[in-house]
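Report on the structure
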Amino acid sequence: MPKTDTDLIFSAQKGDALAFEELIYRYDKNVLSLVFKYVRDADEAKDLYQEIFIRVYRGLKNFQYKSEFSTWLFRIATNVCFTHKS
């Protein structure tokens, strides 16, 4: 049975790198698509994509399960894109 996002987050918060990789794999295409809509440049989108997942990795320990992981992730992605545009 596939693990839920919550299972993967819990494992990743405990240091399981494979769990974090699975979270990235689940959302990477959607994040890249979102970023590309903002910047309209493939190379720039890839750079921002990396920045987003670095922020997610660093912030995951503080994820409090008050929202869906996807909501939290896409908020980070949107904030990175807005900051980049400024």
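Here the structure is shown first, and the text comes after it.
The paragraphs below set out a description of the structure included in this document. (Residues numbered from 1 in each chain as written. Predicted model: local features only at pLDDT ≥ 70, side-chain atom pairs only at ≥ 80, totals over all residues. Heavy atoms only, no water.)

Before going further, it helps to examine the packing of helix 2 (residues 17–39) against helix 3 (residues 42–59). If you want to describe how two helices pack, look at the angle between their axes and the distance between the axes. Running from N to C, helix 2 and helix 3 point in directions that differ by 135°, and their axes come no closer than 9 Å. As the angle between them shows, helix 2 and helix 3 are arranged oblique. The crossing of helix 2 and helix 3 is right-handed. Residue-level inspection shows Phe-20, Ile-24, Asp-28, Val-31, Leu-32, Val-35, Phe-36 and Val-39 of helix 2 in contact with helix 3, the latter providing Ala-42, Glu-44, Ala-45, Lys-46, Leu-48, Tyr-49, Ile-52, Phe-53, Val-56 and Tyr-57. Considered class by class, the residues forming the contact of helix 2 with helix 3 number 15 nonpolar, no polar and 3 charged. (Axes fitted to C-alpha atoms, helices over the stretch in contact; angles between N-to-C directions. Helix = DSSP H or I, 4+ residues; strand = E, 2+ residues; numbered from the N terminus. Parallel < 35°, antiparallel > 145°, perpendicular 65-115°, else oblique. Left-handed = near helix turned anticlockwise from the far one by under 90°. Contact = heavy atoms within 4.5 Å. Nonpolar A, V, L, I, M, F, W, Y, C, P; charged D, E, K, R; others polar.)

What follows covers the pattern of salt bridges. Between side chains of opposite charge, pairing is possible as soon as their charged atoms come close. All told, the structure shown has 3 salt bridges when counted by the stated rule. Note that Asp-5 is salt-bridged to Arg-26, the shortest N-O span being 2.7 Å. Highlighted residues: Asp-5 in helix 1 (residues 5–13) and Arg-26 in helix 2, separated in sequence by 21 residues. Here Asp-5 falls in the buried class, since its relative accessible area comes to 17%. On the accessibility criterion, Arg-26 (27% relative accessible area) is partly exposed. With its nearest N and O atoms 3.3 Å apart, the salt bridge here joins Glu-22 to Arg-26. Of this pair, Glu-22 and Arg-26 both sit in helix 2, 4 residues apart, roughly one helical turn. Through salt bridges with shared partners, a single ionic network connects Asp-5, Glu-22 and Arg-26. (Salt bridge = Lys/Arg side-chain N within 4 Å of Asp/Glu carboxyl O. Buried < 20%, exposed > 50% of the residue type's maximum accessible area, 1.4 Å probe, protein only.)

With respect to the helices and strands, Val-31 occurs in helix 2. When the C-alpha positions of Val-31 and Ala-45 are compared, they lie 9.4 Å apart, and in sequence the two are 14 residues distant. In this structure Val-31 touches Tyr-49, Ile-52, Phe-53, Leu-73, Phe-74 and Ala-77, once residues within four positions along its chain are discounted.

On to the side chain of Thr-78, then. On the secondary structure map, Thr-78 appears in helix 4 (residues 69–85). According to the relative accessible area criterion, Thr-78 is buried, its value standing at 12%. Sequence-distant contacts of Thr-78, that is, excluding residues within four places in its chain, are made with Leu-34 and Tyr-38.

It is worth spelling out unusual backbone geometry at this point. One non-glycine residue, Arg-40, lies in the positive phi region at around 55°. With respect to the secondary-structure elements, Arg-40 resides in the loop between helix 2 and helix 3. Of the residues examined, Arg-40 reaches a relative accessible area of 59% and is grouped as exposed. In the Ramachandran plot, Tyr-65 falls in the positive-phi region, its phi being about 65° despite a non-glycine side chain. Examined against the element boundaries, Tyr-65 turns out to sit in the loop between helix 3 and helix 4. Residue Tyr-65 is classed as partly exposed on the basis of its relative accessible area, which comes to 35%.

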